[in-house]
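The lines below spell out each chain.
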Amino acid sequence: MRTCTICGNSEESERNRLQADEVNPEIFIHWKCQLTPEYQNWFKSKCKNDPLYNRYWDMMTMGKPTICKQCNEHQVISPKAVGMGAGSWELHCTKCHRLTPNSLNGYKDAATYQQLSQLREDFLRSHDLESITEVIASLADALETESSPQNCRCGGRFSIKAKPRCVKCDEILVDSYFHISFKPGVLVNA
Ligand SMILES: [Zn+2]
Ligand SMILES: [Zn+2]
Ligand SMILES: [Zn+2]
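Scope of this entry: the structure provided in the associated data block. (Residues numbered from 1 in each chain as written. Chains lettered and ligands numbered in written order. Predicted model: local features only at pLDDT ≥ 70, side-chain atom pairs only at ≥ 80, totals over all residues. Heavy atoms only, no water.)

**Let's talk about the coordination of the zinc ion (ligand 2)**
- Summarising the metal site, the zinc ion (ligand 2) is bound by the protein donors Cys93 (SG), Cys96 (SG), Cys152 (SG) and Cys154 (SG), whose distances to it range over 2.2 to 2.3 Å.
- Because the angles between the 4 donor atoms bound to the zinc ion (ligand 2) fall within 101 to 114 degrees, the donor set is best described as tetrahedral.
- The motif formed by the donor residues of the zinc ion (ligand 2), counted along the single chain, is C-x2-C-x55-C-x1-C. A residue pair is termed long-range when its members are at least 10 positions apart, and Cys93 in strand β6 (residues 92-93) and Cys154 in the loop between α4 (129-143) and β8 (158-159) qualify at 61 residues.
- We classify Cys154 as partly exposed; its relative accessible area is 36%. (Donors = N, O, S within 2.8 Å, 3.2 Å for Na, K, Ca; no water. Tetrahedral: all angles 85-135°; square planar, octahedral: opposite > 155°, others 65-115°. Helix = DSSP H or I, 4+ residues; strand = E, 2+ residues; numbered from the N terminus. Buried < 20%, exposed > 50% of the residue type's maximum accessible area, 1.4 Å probe, protein only.)

**Things to note about the pairing of strand β4 (residues 74-79)**
- Here β4 lies mainly inside the structure; 5 of its 6 residues are buried.
- Pairing of strand β3 (residues 64-67) with β4 involves 4 bridges; the strand directions are antiparallel. Residue pairing in the sheet places Ile67 in a bridge with His74 of β4.
- Counting the residues between successive antiparallel strands, the hairpin from β3 to β4 contains 6 residues, one of them, Asn72, with a positive phi of roughly 65 degrees. (Pairing = 2+ DSSP bridges.)

**Some points on the coordination of the zinc ion (ligand 3)**
- Distances from the zinc ion (ligand 3) to its protein donors, Cys68 (SG), Cys71 (SG), Cys166 (SG) and Cys169 (SG), fall at 2.3 Å.
- Positions of the donor residues of the zinc ion (ligand 3), expressed as sequence spacing, correspond to C-x2-C-x94-C-x2-C. Here Cys68, found in the loop between β3 and β4, pairs with Cys169, found in the loop between β8 and β9 (179-182); they are 101 residues apart in sequence, far enough to count as distant.
- Residue classification places Cys68 among the buried residues on the basis of a relative accessible area of 2%.
- Using a relative accessible area of 26% as the deciding quantity, one classes Cys169 as partly exposed.

**Re the environment of Ser117**
- Looking at the secondary structure, you find Ser117 in helix α3 (residues 110-124).
- The buried category is assigned to Ser117, whose relative accessible area is 14%.
- Taking the C-alpha atoms as reference points, Ser117 and Leu104, separated by 13 residues in sequence, lie 12 Å from one another.

**Quick word on the packing of aromatic side chains**
- Enumeration over the complete set of coordinates arrives at 10 aromatic pairs.
- Members of the aromatic cluster, joined through ring pairs, are Tyr39, Trp42, Phe43, Tyr53, Tyr56 and Trp57.
- Its guanidinium or amino end placed over the ring of Tyr53, Lys46 lies 5.6 Å from that ring's centre, counting from NZ or CZ.
- The lysine or arginine in question, Arg55, covers the ring of Phe123, its NZ or CZ lying 4.8 Å from the ring centre. (Phe/Tyr/Trp six-rings, centres within 6.5 Å; stacked < 30°, edge-to-face > 60°. Lys NZ or Arg CZ within 6 Å of the ring centre and 35° of its normal.)

**Examining α3**
- An ideal rise of 1.5 Å per residue puts 21 Å on 15 residues; α3 measures up with 21 Å between its terminal C-alpha atoms.
- Those residues of α3 that fall on the buried side of the exposure criterion are Thr112, Tyr113, Leu116, Ser117, Leu119, Arg120, Glu121, Phe123 and Leu124.
- On its buried face, α3 sits against α2 (51-59), β5 (88-89), β7 (104-105), α4 and β9.
- Taken from the residues just after α3, Ser126 is the one with a positive phi, measuring 60 degrees. (Expected span 1.5 Å × (residues − 1). Contact = heavy atoms within 4.5 Å.)

This is how it looks when you write it as structure tokens:
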């Protein structure tokens with residue numbers, strides 16, 4: 001039987017469903033219990049004691065402050081295609097920090113978008129980390145043919161296999177195909 005981790009009850013109603021946890025689908029919590037201080041405490045201690053849980057929520061943070069190791073520039077990173085950005089998959093340049101003005105459209109390129117979203121979920125949960133690089137590379141080869149060049153003015157190429165780079169010095173900021181880097185309030189499109 002499914003039991004709420006917070007209140008210990010199993011009853012559900014139309015307005016108060018038990019929802020599976022995003023990271024561990026064996027954990028269930030009522031919608032209403034997610035609004036309680038008890039939940040806040042549970043969440044904090046879960047993040048502290050469970051590295052996988054912590055990694056997931058850390059990487060899912062929108063606008064997470066990040067400092068470049070090379071030049072100390074302050075900027076932020078966000079996961080691709082979640083929250084306000086859902087529906088389009090942003091592409092960074094392979095050589096600089098710019099983002100393409102033509103991101104991949106979740107409706108037009110539905111199959112690729114789905115596949116990338118699934119890979120992001122695996123990445124955030126540390127599943128199959130080694131194979132992700134290979135899958136991304138072969139997806140990129142299939143998608144980014146010579147006949148559809150998406151070139152950046154720096155000479156690089158907008159690609160799903162480009163990682164987020166520092167907005168100031170263009171050094172790779174995070175080892176992820178699933179995040180974008182930007183400076184809040186500054187346009188980084190080409
Ligand atoms: Zn509950
Ligand atoms: Zn570029
Ligand atoms: Zn930098």
